Amino acid sequence: MQTPRSITLLLLLCLAVLAIFPWVGESFYVNLVVRMMILGIFAMSLDLLIGFTGLISFGHAAFFGLAGYLLAIVTPDSGPVSIWYALPICLAGTALAALVIGWFSVRTSGIYFIMLTLAFAQMLFYFFNENTDLGGSDGIFIFFKPTVEIAGFTLLNLDDHYTMYYLVLVCLVGSYLLLRTLLNSPFGWVIRGVHANEGRTRALGFSTFRYKLVSFVIAGTIAGLAGFLEGMHGGVMSPAHLGWHESGTVMMMVILGGMGTLYGPVLGAFAMVFLQDWFQELTEHWLLLMGSFVIAVVLFLPNGIAGLVEQLSDRLRRVPELASSEEKAGE
């Protein structure tokens, strides 16, 4: 998976803008960007399934919400919990759930896979929705952010919004680099082979079931990381975080941003959250505007926002080449 140099430079520019934004932006928009980045991580994890493995999951929000609930469960009412304790439990719990759900789901394909993942997600949704000990349909509050300490020395104060912002930014960049490394490895080429032609990949001697299951578990675990960050940032988790609506929203981010690009779903997350906030300020019928935007992107940008960025990048790269060829022709 090779990213064009111009796209890499653009991504580095965007990273620089994100790095300085907390020092120039208002507090409200800083928190909004934190949510964008969390959803960007969530969307990248789903892109691993849809864009690279060819598994269309409609229950991906189950792992997002489950990690947040696990954080709420391990956080006592009396004070904060150590992140070195909470984070491994949340990620391990999410990975285990992804392993169990994936073991059943990846045996199917097409509409059956979609319905099975949706069914598992709805089971978890109703479990938390009916569990009064965990707040029921109202959700559960997380009153304390985890502590980041070593030998009693505080490394990070997550109650500081600057620290929280940069922690999420590091997780976003780290998730992107991790997924990009995986996709450039032999594992990445095999799952893309599964996406292109599973029968031929199996005929080459690869256990496609195992590769799909590993991809499913990795995607679920990264979605759990996003849910863990959402629980820390928002301070509340509700059954809605596990519902089909949340899965549909993140799937829309992947489609709008551009499947099979990794950075495209992040762009899709930023675009959707920004437009939702902007349209809500313009009119109470903002959903009509949001729907019009989605339809326009689907009709005129079949490869999503990332596809448009790549087209513009190609044109800019060709300008010097055309100028050079014209000079040679003139000579």
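Model, not experiment: these values are computed from the prediction.

Rules of the game
Residues numbered from 1 in each chain as written. Predicted model: local features only at pLDDT ≥ 70, side-chain atom pairs only at ≥ 80, totals over all residues. Heavy atoms only, no water. Core = buried A, V, L, I, M, F, W, Y, C linked by side-chain atoms within 4.5 Å. Buried < 20%, exposed > 50% of the residue type's maximum accessible area, 1.4 Å probe, protein only. Helix = DSSP H or I, 4+ residues; strand = E, 2+ residues; numbered from the N terminus. Contact = heavy atoms within 4.5 Å. Axes fitted to C-alpha atoms, helices over the stretch in contact; angles between N-to-C directions. Parallel < 35°, antiparallel > 145°, perpendicular 65-115°, else oblique. Left-handed = near helix turned anticlockwise from the far one by under 90°. Nonpolar A, V, L, I, M, F, W, Y, C, P; charged D, E, K, R; others polar. Polar contact = N/O pair within 3.5 Å; in protein donor to acceptor, adjacent residues only side chain to side chain. Pairing = 2+ DSSP bridges. Phe/Tyr/Trp six-rings, centres within 6.5 Å; stacked < 30°, edge-to-face > 60°. Lys NZ or Arg CZ within 6 Å of the ring centre and 35° of its normal.

Peer 1: Pulling in residues and values, what's your account of the nonpolar core?
Peer 2: Core analysis: the largest hydrophobic core is formed by 93 residues, its most contacted members being Met37, Phe42, Tyr165, Phe216, Phe228, Leu229 and Met232. At 17 residues, helix α2 (residues 27-53) tops the list of elements feeding residues into this core. In contact with Met37, other than residues within four places in its own chain, are Leu18, Tyr165, Val168, Leu169, Leu172 and Phe270.

Peer 1: I'd love a proper account of the packing of α2 against helix α11 (residues 263-282), names of residues and values included.
Peer 2: As a packed pair, α2 and α11 sit with axes 7 Å apart at the nearest point and diverge in direction by 140 degrees. Taken together, the axis directions place α2 and α11 in an arrangement best described as oblique. Read as a crossing pair, α2 and α11 show a hand that is right-handed. Along the contact surface, α2 presents Phe28, Tyr29, Leu32, Val33, Met36, Met37, Leu39, Gly40, Ala43, Met44 and Asp47, while α11 presents Pro265, Val266, Ala269, Phe270, Val273, Phe274, Asp277 and Glu281. Here the contact of α2 with α11 is composed, by residue class, of 15 nonpolar, one polar and three charged.

Peer 1: Got a sec to walk through the packing of α2 against helix α10 (residues 244-257)? Specific residues and values, please.
Peer 2: At a minimum axis separation of 9 Å, α2 and α10 run at an interaxial angle of 80 degrees. Comparing their axes, α10 and α2 come out roughly perpendicular. On α10, the residues that touch Arg35, Leu39, Phe42, Ala43, Leu46, Asp47 and Ile50 of α2 are Glu246, Val250, Met251, Met253 and Val254. Of the residues assigned to the contact of α2 with α10, the class counts are nine nonpolar, no polar and three charged.

Peer 1: Could you give an account of the side chain of Lys212, naming the residues involved and the relevant values?
Peer 2: By secondary structure assignment, the location of Lys212 is in helix α9 (residues 208-234). At a separation of 3.2 Å, a polar atom in the side chain of Lys212 contacts the main-chain carbonyl oxygen of Val106. Discounting residues that sit within four places of it in the chain, Lys212 has contacts with Thr53, Leu55, Val106, Thr108, Val194 and Glu198.

Peer 1: Tell me about the pairing of strand β3 (residues 153-156), and name the residues and values.
Peer 2: Note that strand β2 (residues 148-150) and β3 share three bridges and pair antiparallel. Paired with Ile150 across the two strands is Phe153, which belongs to β3. Between β2 and the antiparallel strand that follows it, β3, lie two residues; Ala151 among them carries a positive phi value of about 55 degrees.

Peer 1: Could you give an account of the packing of aromatic side chains, with specific residues and numbers?
Peer 2: This model, assessed by the stated rule, comprises 16 aromatic pairs. Considering the side-chain rings of Trp23 and Tyr162, the 4.5 Å spacing of their centres and the 15 degrees angle between planes classify their relative orientation as stacked. Note that Trp23 is positioned in helix α1 (residues 5-24) and Tyr162 in helix α6 (residues 161-183), a separation of 139 residues in sequence. Residue Tyr162 is classed as partly exposed on the basis of its relative accessible area of 25%. A centroid spacing of 6.1 Å and a plane angle of 35 degrees characterise the contact between Phe104 and Phe120, whose relative ring orientation is tilted. Of the two residues, Phe104 is situated in helix α4 (residues 83-105) and Phe120 in helix α5 (residues 110-130); the sequence distance between them amounts to 16 residues. Connected via pairs of aromatic rings, a cluster forms that spans Phe63, Phe113 and Phe216. Residue placement shows Arg107 over the ring face of Trp103; its charged tip is 4.0 Å from the ring centre.

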